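Each chain, letter by letter, is given below.
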Amino acid sequence: QQPVQSPQAVILREGEDAVINCSSSKALYSVHWYRQKHGEAPVFLMILLKGGEQKGHDKISASFNEKKQQSSLYLTASQLSYSGTYFCGTERVRAGGGADGLTFGKGTHLIIQP
Amino acid sequence: DTAVSQTPKYLVTQMGNDKSIKCEQNLGHDTMYWYKQDSKKFLKIMFSYNNKELIINETVPNRFSPKSPDKAHLNLHINSLELGDSAVYFCASSQAASFPNEQFFGPGTRLTVL
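What you see is a predicted model; the values in this text were computed from it and never measured.

**Student:** Hey, could you run me through the overall build of chain A in this one?
**Tutor:** Within chain A, the regular secondary structure consists of 0 helices and 11 strands. Listed by position from the N terminus, the elements making up chain A come as β-β-β-β-β-β-β-β-β-β-β. Counting every position in chain A, which comprises 114 residues, the buried fraction comes to 45%. A sequence separation of at least 24 residues applies to 57% of the contacts in chain A between residues at least 6 apart. For chain A, the exposed surface amounts to about 5700 Å²; the carbon and sulfur share of it is 48%.

In structure tokens:
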């Protein structure tokens, strides 16, 4: 089941903040966030493994609400280098435990203008 | 040193042909994946291999077959190519499939079927 990302696209001025949401109709084991620039490969940002966990990387952080089956990515004081497409990837909980690989959302296009 | 490499970078071919894409990782990872990214940028997992065993096989046509001669390589063979196979194919690797880990993506192979 593909996670749903919102918004589909965001246009910001440099220095503004953004939030990208990712939700699933299935129970989640983990949520991954990746960023892809045009013509390049996706690059890993972070993994969230526990319900309610928050992680941060520079001015990019994320939260994971396991109960709501949702994750949000927060970009603070955005920089030009943040432009790209952001994907969340989710792993479902297997009946026997463990996870069965990533299913990615459709992506959120982020454009940062000077 | 390139962590995950793919060849060729570009592949243009006629409908009905058979082609292969090669992938190699020098990270010592146990699991490798193939993803397809279509013209709408939707990133979809096709296969993954863990210690030479197929552990995920999404609903892809059986014209696509992954082959792993060893832990560091996962090649993708495509028979009887169709127009709809045109996409960017990414290879990726991670340390283990049994626990969520960062996935490292290769640079991608842009396949165009005429």
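**Student:** Help me out: how do you make sense of the environment of P3 of chain A in this one?
**Tutor:** Residue and element names in this part refer to chain A. Assignment of secondary structure puts P3 in the segment before β1 (4-6). The sequence separation of P3 and T103 amounts to 100 residues, and the corresponding C-alpha distance is 7.3 Å. Filtering out sequence-adjacent residues up to four positions away, P3 remains in contact with C22, S23, C88, T90, T103, F104 and G105.

**Student:** Is there a simple way to explain the interface of chain A and chain B in this structure?
**Tutor:** Tallying the contact residues gives 20 residues for chain A and 17 residues for chain B. Summing both partners gives a buried area of about 1600 Å² for chain A against chain B, and 64% of it is carried by carbon and sulfur. Put simply, chain A and chain B have 2 residue pairs in polar contact (both at pLDDT 80 or more) between them. Secondary structure elements with two or more residues in the side of chain A that touches chain B: β4 (28-36), β5 (43-48) and β9 (84-92) of chain A. Looking at the side of chain A that touches chain B, the element that brings in the most residues is β4 of chain A, giving 5 residues. Of the residues in the side of chain A that touches chain B, the class split is 11 nonpolar, 6 polar and 3 charged.

**Student:** Quick question: what am I supposed to make of the sheet that holds strand β1 (residues 4-7) of chain B here?
**Tutor:** Hydrogen bonding along the main chain pairs the strands of a sheet, whether they run parallel or antiparallel. Residues and elements named next belong to chain B. As summarised here, the arrangement of the 4 strands in space is β1-β3-β8-β7, forming an open sheet in which the pairing is antiparallel. Each having just a single partner strand, β1 and β7 (64-70) make up the two edges of the open sheet. Recorded for the sheet is a direction-independent mean angle of 20° between the axes of neighbouring strands. With 5 bridges joining them, β7 and strand β8 (residues 73-78) adopt antiparallel strand pairing. Looking at β8, one finds that F64 is bridged to I78.

**Student:** Before we go on, may I ask you to explain the state of the cysteines in this structure?
**Tutor:** Defined simply, a disulfide is a covalent bond joining two cysteines at their sulfur atoms. Residue and element names in this part refer to chain A. On inspection of all chains with the given rule, the structure shows 2 disulfides over all chains. Put simply, C22 and C88 are joined by a disulfide, and their sulfur atoms are 2.0 Å apart. Its S-S torsion of about 70° marks the bond between C22 and C88 as right-handed, since a negative value means left-handed. Residue C22 is located in strand β3 (residues 18-23), and its partner C88 is located in strand β9; the two are separated by 66 residues in the primary sequence.

Conventions we followed
- Residues numbered from 1 in each chain as written.
- Chains lettered and ligands numbered in written order.
- Predicted model: local features only at pLDDT ≥ 70, side-chain atom pairs only at ≥ 80, totals over all residues.
- Heavy atoms only, no water.
- Helix = DSSP H or I, 4+ residues; strand = E, 2+ residues; numbered from the N terminus.
- Buried < 20%, exposed > 50% of the residue type's maximum accessible area, 1.4 Å probe, protein only.
- Contact = heavy atoms within 4.5 Å.
- Areas by Shrake-Rupley, 256 points an atom, 1.4 Å probe, with all protein chains shown as cover.
- Buried area = accessible area lost by both parts, 1.4 Å probe.
- Polar contact = N/O pair within 3.5 Å; in protein donor to acceptor, adjacent residues only side chain to side chain.
- Nonpolar A, V, L, I, M, F, W, Y, C, P; charged D, E, K, R; others polar.
- Pairing = 2+ DSSP bridges.
- Axes fitted to C-alpha atoms, helices over the stretch in contact; angles between N-to-C directions.
- Disulfide = S-S within 2.5 Å.

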